[in-house]
Amino acid sequence: MGSLVRQQAAGAGAQVALLGVLALTVGLGAAGWAAGLAYTVGLWALLAGAARKAGARSLGPADHVTLARAILIGGVTALVADHLNGGAPLAVLVPLASVALALDAVDGQVARRTGTSSALGARFDMESDAFLILVLSVLAAETFGYWVLVIGLMRYAFVAATWALPWLNGTLPPSRARKVVAALQGVLLVAAASGLLPHLAGLAVTVAALATLVWSFGRDVLWLHSAHRAHRAHRTHRTAALPEPRAGHATCVVRRRSTLRRHHHLATRNP
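Quick look at the structure, then.

**Considerations on the overall build of the protein chain**
Inference 1: Assigned secondary structure in the protein chain consists of nine helices and zero strands.
Inference 2: Helices and strands in the protein chain line up, N terminus first, as α-α-α-α-α-α-α-α-α.
Inference 3: For the protein chain, the share of sequence-separated contacts (at least 6 apart) that also reach a separation of at least 24 residues comes to 80%.
Inference 4: Within the structure as shown, the protein chain displays about 15,300 Å² of accessible surface, and the carbon and sulfur contribution to it stands at 66%.

**Brief notes about helix α6 (residues 119-144)**
Inference 1: The terminal C-alpha atoms of α6, which comprises 26 residues, lie 36 Å apart, in line with the 38 Å expected from a rise of 1.5 Å per residue.
Inference 2: Two residues or fewer after α6 comes Gly145, characterised by a positive phi angle close to 115 degrees.

**Structural notes on the pattern of salt bridges**
Inference 1: Tallied over the entire structure, the rule returns seven salt bridges.
Inference 2: For Arg69, the salt bridge is made with Asp129, and the minimal N-O distance between the two is 2.3 Å. Taken together, the residues Arg69 in helix α3 (residues 61-84) and Asp129 in helix α6 connect sequence positions 60 residues apart.
Inference 3: On the basis of relative accessibility, which here comes to 23%, the residue Asp129 falls in the partly exposed class.
Inference 4: In this structure, a network of salt bridges that share partners links the residues Arg69, Asp104, Asp107, Asp125 and Asp129.

**Description of a positive patch on the surface**
Inference 1: Together, Arg112, Arg113, Arg176 and Lys179 give the surface a local cluster of positive charge.
Inference 2: Put simply, the parts of the chain that give the positive patch at least two residues each are α5 (104-114) and α8 (176-193).
Inference 3: Inspection of the secondary structure puts Lys179 in helix α8.
Inference 4: For Lys179, a relative accessible area of 64% gives the class exposed.

**Re the packing of helix α4 (residues 90-102) against α8**
Inference 1: Interaxial distance between α4 and α8 falls to 10 Å at its minimum, and their mutual angle equals 170 degrees. Relative to α8, α4 is oriented roughly antiparallel. On the side of α4, the interface is formed by Leu90, Val94, Ala97, Ser98 and Leu101, while α8 contributes Gly186, Val187, Val190 and Ala193.
Inference 2: Considering only residue class, the contact of α4 with α8 consists of seven nonpolar, two polar and no charged.

**As for the packing of α4 against α6**
Inference 1: The geometry of α4 relative to α6 is characterised by a closest axis approach of 12 Å and an angle of 155 degrees between their N-to-C directions. One element, α4, and the other, α6, form an angle in the roughly antiparallel class. Between α4 and α6 lies a crossing whose hand is left-handed. Along the contact surface, α4 presents Leu90, Leu93, Ala97, Ala100 and Leu101, while α6 presents Leu132, Leu136 and Leu139.
Inference 2: Residues of the contact of α4 with α6, tallied by class, amount to eight nonpolar, no polar and no charged.

**Re the nonpolar core**
Inference 1: With 56 residues, the main nonpolar core has Val76, Leu79, Leu93, Leu136, Val148, Ile151 and Leu189 as its most contacted residues.
Inference 2: Elements supplying a minimum of two residues to this core: α1 (2-26), α2 (30-54), α3, α4, α6, α7 (149-164), α8 and α9 (199-241).

**A closer look at the side chain of Gln7**
Inference 1: Position of Gln7 relative to the elements: it lies in helix α1.
Inference 2: Within polar-contact distance, the side chain of Gln7 engages the side chain of His64 at 3.5 Å.
Inference 3: When sequence neighbours within four positions are dropped, the list of residues in contact with Gln7 reads Ser58, Leu59, His64 and Leu67.

**Details of the environment of Ala211**
Inference 1: Mapped onto the elements, Ala211 comes out in helix α9.
Inference 2: Linking Ala211 and Val181, residues 30 residues apart in sequence, is a C-alpha distance of 10.0 Å.

**Quick word on the packing of aromatic side chains**
Inference 1: Scanning the model with the defined rule gives two aromatic pairs in all.
Inference 2: For the ring pair Tyr39 and Phe131, a centre distance of 5.5 Å and an interplane angle of 35 degrees mean the geometry is tilted. Placement of Tyr39 in helix α2 and of Phe131 in helix α6 is noted, with a sequence separation of 92 residues between them.
Inference 3: According to the relative accessible area criterion, Tyr39 is buried, its value standing at 12%.

**Quick word on the environment of Leu132**
Inference 1: Within the element layout of this structure, Leu132 appears in helix α6.
Inference 2: Once the C-alpha coordinates of Leu132 and Ala97 are considered, the two residues, 35 residues apart in sequence, prove to be 8.3 Å apart.
Inference 3: Setting aside residues no more than four positions away along its own chain, Leu132 makes contact with Ile73, Val76, Ala100 and Leu101.

Reading the values: rules and limits
- Residues numbered from 1 in each chain as written.
- Predicted model: local features only at pLDDT ≥ 70, side-chain atom pairs only at ≥ 80, totals over all residues.
- Heavy atoms only, no water.
- Helix = DSSP H or I, 4+ residues; strand = E, 2+ residues; numbered from the N terminus.
- Contact = heavy atoms within 4.5 Å.
- Areas by Shrake-Rupley, 256 points an atom, 1.4 Å probe, with all protein chains shown as cover.
- Expected span 1.5 Å × (residues − 1).
- Salt bridge = Lys/Arg side-chain N within 4 Å of Asp/Glu carboxyl O.
- Buried < 20%, exposed > 50% of the residue type's maximum accessible area, 1.4 Å probe, protein only.
- Patch = residues over 30% accessible without salt bridge, like charges linked within 9 Å, V, L, I, M, F, W, Y side chains within 5 Å.
- Lys, Arg positive; Asp, Glu negative; His and termini not counted.
- Charge placed at Lys NZ, Arg CZ, Asp CG, Glu CD.
- Axes fitted to C-alpha atoms, helices over the stretch in contact; angles between N-to-C directions.
- Parallel < 35°, antiparallel > 145°, perpendicular 65-115°, else oblique.
- Nonpolar A, V, L, I, M, F, W, Y, C, P; charged D, E, K, R; others polar.
- Left-handed = near helix turned anticlockwise from the far one by under 90°.
- Core = buried A, V, L, I, M, F, W, Y, C linked by side-chain atoms within 4.5 Å.
- Polar contact = N/O pair within 3.5 Å; in protein donor to acceptor, adjacent residues only side chain to side chain.
- Phe/Tyr/Trp six-rings, centres within 6.5 Å; stacked < 30°, edge-to-face > 60°.

See below:
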């Protein structure tokens, strides 16, 4: 884990340096520093825990790109916290968030070209995306209302729902529409919260973001529920087809346990 610790330390140092640059350029205040440092500590702890669970000793090339994105997201988090307290202007936040969103298309390409795709990298990428959307929805909610928070909280609500409904942890078939909707959320929220659009246009963009996200999650939930019912029906049919033990004979029935393998080409909303 030595290499991973050094990489995380370098990332934490870069995060603090970015906060320092923001303090010198836009006057990042106490609220921004508090949010940025809390984010840095949380990122370190969560990444270390995920790497330990995955048995990873270091970050791969694509993970370094995701780490760079995560550092930018830390800057966005600090700026949003400061802005909500009457501090940093949006002029710096918008380009910073835009670069973080653009890099989302880079880490996947690097992973494929270098053959370094991993469960840790996929989880790191997904959690970074989810947190950025949450932060941007908090910013947009200041202008359009608290209902916008549904966009940022939906993925976390889905994860919480898996505790009560384990079948939501099932694998999903690959879907280009799902990827497009996920990518659009950040773009639409940045556009809406930037202040560059008229209020009604920004409101329409935010509603469109929520509508497409609800559609995407709803479609996946229906698919998972259908797959769960089909699996239960299959198990019931197999159980009913088992022969009854004959009287006077000791019979041992061995039931095979069905396993669901998570192939690399399948997707999940909760890795």
